[in-house]
Structure formats: structure tokens, C-alpha cells
Amino acid sequence: IGTLQAKNYNVKSYGAKGNGKKLDSPAIQKAIDACTAGGGGTVLIPKGTYLSATILIKDNVTLHLEEGALLLGVTDLKKYELVDPFTEGLGIQVGRTFIAAVDAKNIAIEGAGVIDGQGSALKAKHIETDTRPEGQRWGERPFLLRIIRCQHVRVEDITLKYSASWTSHYAQSKDITIKNVKIQSIGVAHNDGINIDGCERVSIADCDVESGDDALCFKTTHSKYPCRDVVVNNMRLQSNQAGIK
């Protein structure tokens, strides 16, 4: 994104309230759509609590959460979209997602704000009506962040909390920088921290991960996409399963 041409798109100008009560994801999506249509720039989320369902990041968009900004996931499972679903290693169909980007380029998520999936509360509500064994039903719950077949991706300074399943999933993407990200995701099974899945040219540095499942995990869920050229530096990893898998 050219810094001289980049514009700011404040989500409150598109109807977001940031009061923790109104569903703000439609307004946030309008700001993102306007930003990408205008050639790119920064979608600004100022201080406040923004109750949200699925948000899709698009070409040339930087999503910037100011300090004090909280994107708070709704606990209604049906409000999350199934985004590019796939079968994970245990044979479970997954794909519902809170924040996602698919086939996008030049994207970023940054800032001193927090994205919180309310995983435990969402699960508690989910299992009231879904009585299948946990090993069969967990795949219905949303990932916090998924980056799918994207190029030139930066995730920096953000805090990711309490996903309802995997916290972050980077799949079949290239040229990724993950820096100074804090993850605190415990309380629900399959709370992986950072999953790198068939990606190339990845830099991960200075992150602090506390996860209920694998903290840093390398996967190849599609046989055509290996992980290559991945460099990891200066990490703090805490896990109930594997620090590095």
C-alpha cells in the first residue's frame, strides 16, 4: 500500500457503535469493503467494545485496532460464516471463522487492541443443543483468525484471546510476517496458538503464546502445499500439549 495514497476508514463513520451491545460486524465490513474498493488503506477501530461475528479482510486493507479497542466475538454459533471449509487431521470438517482473509493480497492486522473469541462462553452455549461427543462437535466452533491463500500478510502487535477452536491458522499463503503478537487462548479443547499450514516465506518473531493446545504448529493439510522457508525467533511458548509441533 503506498503510504502517500493510503486513506483511513474509521468504522464509526460506517455505523459501528463500539458499545458492546450492538452487532458491529456489518459496519466494520462496510468500512473494509469501502477501503479495498478505494484502492486500500487503513480501517481504524478506535477505543471501544465491538460485538462482532465474521469479518472478511480484503485486498490492500490494514485493520488497525487502537489501544483500548476490543473486537468481541458473539456467542451465537450460527452468526459465524463457514469460510473455505476443509477436513483437518482428525477427520473433522472445520471452517467457521471470526476474522478471515481468502485469496487476498497486501493485508495486515495490527495495533495495541484485542480480538477475543469468547471461546468458553460460546462452547457452553453450543453444547446446550449439540449433544454429540466433543470429538465430533468441536469443528462447528469458529477459529479466531484464518489467512487462506493470501500473499504479503502482516500480523503485528495485536492480542488474540480465547478462541473457540484454533486461535490462528495461516494456510497455503506466502510472504507472512507475524511479529510481537500475544496469544492467550485456553479453556477450550483445540486451542492451538499459531498454525502454519502449507505456507512459504514465513517470519515469526517476538510472540508470547499461552495455548491450551499446541502453541506453534506446522501442518500440511493439503499434500500440494508444504511448509517452506519458515524462520522463528525469540518466542515464549506455553502449552498444555506441545510447545512446538
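Residues numbered from 1 in each chain as written. Predicted model: local features only at pLDDT ≥ 70, side-chain atom pairs only at ≥ 80, totals over all residues. Heavy atoms only, no water.

1. Regarding unusual backbone geometry
One non-glycine residue with positive phi stands out, namely R149, at about 50°. Along the chain, R149 falls in the loop between β12 (143-148) and β13 (151-156). Residue R149 is classed as partly exposed on the basis of its relative accessible area of 28%. You will see that N180, though not glycine, has its phi angle at about 55°, which is positive. Classification of N180 by relative accessible area gives partly exposed; the value is 39%. (Helix = DSSP H or I, 4+ residues; strand = E, 2+ residues; numbered from the N terminus. Buried < 20%, exposed > 50% of the residue type's maximum accessible area, 1.4 Å probe, protein only.)

2. As for empty space enclosed by the protein
A full pass over the atoms with the stated rule returns 1 cavity of 30 Å³ or more. A volume near 30 Å³ is recorded for the largest cavity. Looking at the largest cavity, the residues that line it are Y80, F98, G117, P142, F143, L144, S163 and A164. Classifying every residue of the lining of the largest cavity gives 6 nonpolar, 2 polar and no charged. (1 Å grid on protein atoms, 1.4 Å probe; cavity = no way out; pocket = protein on both sides within 12 Å on 5 of 7 lines; lining within 4 Å. Points joined across faces, edges and corners; volume = space filled by probe spheres on them. Nonpolar A, V, L, I, M, F, W, Y, C, P; charged D, E, K, R; others polar.)

3. Digging into the packing of aromatic side chains
For the coordinates displayed, the defined rule picks out 4 aromatic pairs. Measuring from centroid to centroid gives 6.4 Å for F86 and F143, while their planes differ by 80°, and the two rings are edge-to-face. Taken together, the residues F86 in strand β8 (residues 82-87) and F143 in strand β12 connect sequence positions 57 residues apart. The pair formed by F86 and F143 is uniform in burial state, with each residue classed as buried. Between the aromatic rings of F86 and W166, the centroid separation amounts to 6.2 Å while the plane-to-plane angle is 55°, which identifies the pairing as tilted. Of the two residues, F86 sits in strand β8 while W166 sits in the loop between β14 (159-161) and β15 (168-171), which places them 80 residues apart along the sequence. Here F86 matches W166 in class, with each residue buried. Members of the aromatic cluster, joined through ring pairs, are F86, F143 and W166. (Phe/Tyr/Trp six-rings, centres within 6.5 Å; stacked < 30°, edge-to-face > 60°.)

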